[in-house]
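Coordinate analysis (summary)
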Amino acid sequence: MNVKESSKIDRMSLTLLAIESSCDETSAAVVQDGTKVLSNVVASQIDIHKEYGGVVPEIASRMHVEVIMPVVDKAIKEANIEKENIDAVAVTHGPGLIGALMVGLSTAKAMAFGLNIPLIGVNHLEAHMSAVHLENNVEFPFVGLVVSGGHTSLYLVKSYTDFELLGKTRDDAAGEAFDKAAKIMDLPYPGGVEIDKLAKEGNRDAIPFPRPFMSTPTLDFSFSGVKTSVLYYLRKHPNPSLQELKDICASYQEAIVETLVSKTLMAAKENHVESVVIAGGVACNSRLRELSKEKLEQEGISVYIPSPKYCTDNAAMIGSLGGFMFQNGTTSELSLTPFSTSRPKYGRGRGGQAKTA
Ligand code: KG4
Ligand code: ZN
């Protein structure tokens, strides 16, 4: 295919269309130079999946198909640009639900082919950390904690496009642990948001839930045990009052948040970094935002957490990382395929079917 040569594009004013459809949000954004958001449209399916207590992959794919083109058109309109002004299309190609990813990926390929511009396949988890560049100037290297519904991982981020995996969850992700415990307590989906709300009026010292791996030197996490301990606690103490429920939420949230913060601090110290970025949906959690600042800033480490709208899934973060990848000369073939899970191996490398100019 005759793609526009990246070297011929004015690299100081790169305009990217970005598309995200890895889970239950359909999003499109127009981002300039990896940092300036001209538009960021998000169509959430939460209300539909709520009925089922979690994301139903088949429904998610169908909903993406219904709304993807209106969302893309709206993003271009709100950015006040013409399609012809777009220099490249960035798209999430994983990790995520394959059927859901396929919708965004096919749309991005069609746009890239039709407009004769490059395609850039972006890793969703790395993009969560890139969201920080939309609002802050952070110096490299920094430690990045990605906490979402599907992932909990620590990275050493050496540049805009160089991410080294340091540790990750061995079972449930932090968001998953919030959502599953909420389900056990009969709270609505997504449970993380509800637990955060109820915890505000609860006693975080009421129940000593376990802090998995807290005192071991690994940078890996494990949240399935603490989630099960909520189940056992409720079996022993059925029908809690509203105040008891608030105490369970506050104590449970504290166990997860303390673990996240202590591992992040350990990673920051081991790697001698001065900054930490916390990103992903769970980074909206009010206690995580509070405790991370308190504990890390005590040690002289600056903490950056994107605004909530850039923590939950959005295409602006894809446009940010896509922009930096493009500036590096990295684009993808139109044969790019989606992938469902994060790379199993530790260490460097972004994978995918990227080519470097
Ligand atoms: O990053 P995200 O929007 O989607 C994924 O890539 O997974 O994260 C969604 C997750 C859900 O598990 C949701 O419960 C959690 O983020 N979440 C929260 C809060 N807001 C969203 N968890 C705890 N406290 C919150 N305030
Ligand atoms: Zn996400």
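Provided above is the structure to which this section pertains.
Attention here is on the structure that accompanies the text. Note that this is a predicted model, so its numbers are computed, not measured.

Definitions and limits used
- Residues numbered from 1 in each chain as written.
- Chains lettered and ligands numbered in written order.
- Predicted model: local features only at pLDDT ≥ 70, side-chain atom pairs only at ≥ 80, totals over all residues.
- Heavy atoms only, no water.
- Helix = DSSP H or I, 4+ residues; strand = E, 2+ residues; numbered from the N terminus.
- Buried < 20%, exposed > 50% of the residue type's maximum accessible area, 1.4 Å probe, protein only.
- Contact = heavy atoms within 4.5 Å.
- Lys, Arg positive; Asp, Glu negative; His and termini not counted.
- Charge placed at Lys NZ, Arg CZ, Asp CG, Glu CD.
- Donors = N, O, S within 2.8 Å, 3.2 Å for Na, K, Ca; no water.
- Core = buried A, V, L, I, M, F, W, Y, C linked by side-chain atoms within 4.5 Å.
- Near = heavy atom within 4 Å.
- Polar contact = N/O pair within 3.5 Å; in protein donor to acceptor, adjacent residues only side chain to side chain.
- Areas by Shrake-Rupley, 256 points an atom, 1.4 Å probe, with all protein chains shown as cover.
- Salt bridge = Lys/Arg side-chain N within 4 Å of Asp/Glu carboxyl O.
- Disulfide = S-S within 2.5 Å.
- Pairing = 2+ DSSP bridges.
- Axes fitted to C-alpha atoms, helices over the stretch in contact; angles between N-to-C directions.
- Right-handed = clockwise from strand over helix to strand, strands pointing away.
- Parallel < 35°, antiparallel > 145°, perpendicular 65-115°, else oblique.

Observations regarding the overall build of the protein
The number of helices and strands found in the protein is eleven helices and twelve strands. Taking the principal axes of the C-alpha coordinates as reference, the protein spans close to 65 × 45 × 35 Å. Counting every position in the protein, which comprises 357 residues, the buried fraction comes to 54%. Taking contacts inside the protein between residues at least 6 apart in sequence as the whole, the part at least 24 apart equals 74%. Between the mean site of the 35 positive side-chain charges and the mean site of the 42 negative ones, the protein shows a separation of 3 Å.

Comments concerning the coordination of the zinc ion (ligand 2)
Put simply, a metal with four donors set out as a tetrahedron has ideal angles of 109.5 degrees, and one with six donors set out as an octahedron has ideal angles of 90 or 180 degrees. The protein atoms donating to the zinc ion (ligand 2) are His124 (NE2), His128 (NE2) and Asp313 (OD), with metal-donor distances spanning 2.1 to 2.2 Å. Summarised as a motif, the one-chain spacing of the donors to the zinc ion (ligand 2) is H-x3-H-x184-D. Taken together, the residues span a long stretch of sequence, with His128 in helix α4 (residues 124–130) and Asp313 in the loop between α10 (308–311) and α11 (315–327) at a distance of 185 residues. Across the pair, Asp313 and His128 agree in class, each one buried.

Side note on the nonpolar core
Met185, Ile195, Tyr252, Leu260 and Ile278 are the most contacted members of the largest nonpolar core, which totals 49 residues. Within the residue set of this core, elements represented by two or more residues are β6 (142–147), β7 (152–159), α5 (174–184), α6 (191–199), α7 (224–236), α8 (242–270), β9 (275–279) and α9 (286–298). Counting residues per element, this core draws most heavily on α8, at 13 residues. Counting 31 residues, the second-largest nonpolar core is a separate cluster that includes Leu16, Tyr310, Leu321 and Met325.

Quick notes on the site of ligand 1
Around ligand 1 sit 20 residues, and of these Gly149, Asp179, Asp196, Gly281 and Asn285 come closest. One of the backbone nitrogen or oxygen atoms of Gly281 is found 3.0 Å away from an oxygen atom of ligand 1. One of the side-chain N or O atoms of Asp313 is found 3.1 Å from an oxygen atom in ligand 1. Burial of ligand 1 by the protein amounts to 89% of the accessible area it has alone, namely 550 Å². Broken down by secondary-structure element, the contributors of at least two residues to the shell around ligand 1 are α4, α5 and α6.

Let's talk about the pattern of salt bridges
Tallying each qualifying case throughout the model produces 16 salt bridges. With a closest N to O distance of 2.8 Å, Asp172 and Lys227 form a salt bridge. With Asp172 in the loop between β8 (162–168) and α5 and Lys227 in helix α7, the pair connects residues that are 55 residues apart, well separated along the chain. Like Asp172, the residue Lys227 is buried in the burial classification. Two residues, Glu254 and Arg204, come together in a salt bridge whose shortest N-O distance is 3.6 Å. Note that Glu254 is positioned in helix α8 and Arg204 in the loop between α6 and α7, a separation of 50 residues in sequence. A relative accessible area of 5% means that Glu254 is categorised as buried.

As for the state of the cysteines
The tally for this structure, following the rule as stated, stands at zero disulfides. Here Cys311 is not cross-linked by a disulfide; its sulfur's nearest cysteine counterpart is in Cys284, at 4.7 Å.

A word on the sheet that holds β6
Taken in spatial order, the five strands of this open sheet run β8-β7-β6-β9-β10, and their pairing is mixed. Two strands bound the open sheet, and with one partner strand each, they are β8 and β10 (302–304). Averaged over all pairs of adjacent strands, the angle between their axes in this sheet comes to 25°, without regard to strand direction. Most of the contacts of α8 go to β6, to which it runs at about 155°, and overall it touches β6, β7, β8 and β9.

Points about the pairing of β9
For β9, the tally of buried residues reaches five of five residues, placing the bulk of the element in the interior. Both faces of β9 are covered, namely the face carrying Ser275, Val277 and Ala279 and the face carrying Val276 and Ile278. Of the strand pairs in this sheet, β6 and β9 are connected by four bridges, and their pairing is parallel. By the bridge assignment, Val143 is partnered in β9 with Val276. Sheet topology note: the β9/β10 ladder contains three bridges and is parallel. Bridging from a neighbouring strand, Val277 pairs with Tyr304 of β10. A crossover connection joins β9 to the parallel β10 through α9; in handedness this β-α-β unit is right-handed.

Let's talk about the packing of α5 against α6
The geometry of a pair of packed helices is captured by two quantities: the angle between their axes and the separation between those axes. The contact between α5 and α6 brings their axes to 7 Å, and the two run at 75°. With respect to each other, α5 and α6 are oriented roughly perpendicular. Residues Phe178, Asp179, Ala181 and Ala182 of α5 pack against Gly191, Gly192 and Ile195 of α6.

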